[in-house]
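Structure at a glance
Spelled out, the chains give:
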Amino acid sequence: MSAKPAQLEQGGHARSANLWLEALYNLRHSPSALLGMTIIGALVVIAIAAPVFATHDPIKTMIGVPGETGRLPSKPPCIPLLGCEEPQHILGLDLNARDLYSRVIYGARTSLSVGVITISLSIIVGTALGITAGYVGGRADNVIMRLMDVVLAFPALLLAISIVTILGPGLTNALLGITITFIPQYARLSRASVLSIKEQEFVLAERALGASPWRIVLAHILPNAITPIIVQGTLGVGTAILDAAALSFLGLGAQPPTPEWGQILSESRNYLFTSPHLVFFPGIAIMITVLGFNLLGDGLRDALDPRLNRH
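Residues numbered from 1 in each chain as written. Predicted model: local features only at pLDDT ≥ 70, side-chain atom pairs only at ≥ 80, totals over all residues. Heavy atoms only, no water.

Axes are the key here: two packed helices are described by the angle between their axes and the distance separating the axes. Close contact between helix 4 (residues 100-136) and helix 7 (residues 171-197) brings their axes to 5 Å; oriented N to C, the two are set at 40°. On the basis of the axis angle, helix 4 is oblique to helix 7. Here helix 4 and helix 7 pass one another in a crossing that is right-handed. Here the contact of helix 4 with helix 7 is built from residues that sort into 19 nonpolar, nine polar and one charged. (Axes fitted to C-alpha atoms, helices over the stretch in contact; angles between N-to-C directions. Helix = DSSP H or I, 4+ residues; strand = E, 2+ residues; numbered from the N terminus. Parallel < 35°, antiparallel > 145°, perpendicular 65-115°, else oblique. Left-handed = near helix turned anticlockwise from the far one by under 90°. Nonpolar A, V, L, I, M, F, W, Y, C, P; charged D, E, K, R; others polar.)

The next point concerns the nonpolar core. Counting 28 residues, the largest nonpolar core has Leu112, Ile119, Ile178, Phe182, Leu247 and Phe293 as the members making the most contacts within it. Among the elements of the structure, helix 2 (31-48), helix 4, helix 6 (156-167), helix 7, helix 9 (213-249) and helix 11 (277-303) are those that each provide at least two residues to this core. Residue contributions to this core peak at seven residues, all from helix 9. Not counting chain neighbours up to four residues away, the residues in contact with Phe293 comprise Ile40, Leu112, Thr234, Leu235, Val237, Gly238 and Ile241. Ranked by size, the runner-up nonpolar core spans 17 residues in total, among them Ile105, Tyr106, Leu265 and Ala285. (Core = buried A, V, L, I, M, F, W, Y, C linked by side-chain atoms within 4.5 Å. Buried < 20%, exposed > 50% of the residue type's maximum accessible area, 1.4 Å probe, protein only. Contact = heavy atoms within 4.5 Å.)

Looking now at unusual backbone geometry. Cis geometry marks the peptide bond from Pro256 to Pro257; its omega dihedral reads 5°. Even without a glycine there, the phi angle at Ala97 is positive, about 60°. Within the secondary structure, Ala97 sits in the loop between helix 3 (50-53) and helix 4.

Structural data, given as structure tokens:
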């Protein structure tokens, strides 16, 4: 009597393992996913080794520094290949005479940290709520999902602005506000996965054998429900970085002199036509980062979709 449930359990784990192996194979043959991984990998290396790549202190002003000449502040970019005589500031200086290249490099560390931490917290809390609602059902399901519906009723960025306004400006409060806006997405996604997986034969067999709810959820439901959550999380990092930049641009996120791309844009928004380099380079950094996560997320979604016949 126990042989069939054991085979069903092994079959559930085998399907999950085979899905990930096939996904890795498909990712290797997806140009967009490879490009996304390359961009993200390069950004992670830059963020980790920011002191190595940066040429100056991102907070220290160049005013009064020996050897500094030319128009200060907001000195334009200096490209040696174009005959520039002062190549120590590749991207120029900002309005406070700080090296813009170093600030953009350190901004990668800040923006990536905010995006990854925000989505990680959202996934942990949202998945826990969604699994509880889907597996327990009944009143718990109604209470949790109605609460998620209330959060989803507000535009995400507007809700984040409201939360940060109440808590006070700052990067930590901005992170918390963005996290709260993302939780309902993962709660609804994990709940939908649990509702379908908990009726599978291997789960029913485990329940019939007297397995505890914790064992069923952690050993069987969660591993099989994590796939769409990872895909959504990869796409969500780019959105979280955009939201963090928007809050910093409005003065609610990272505060000066913290090097964060949105905050750099906020400082320079009134000088778009007189000093366009101050806006161009952090804007390009945001665009490339979001593009990398979107490409990887699309590649993961296609690689993990069993309905696509690639053979």
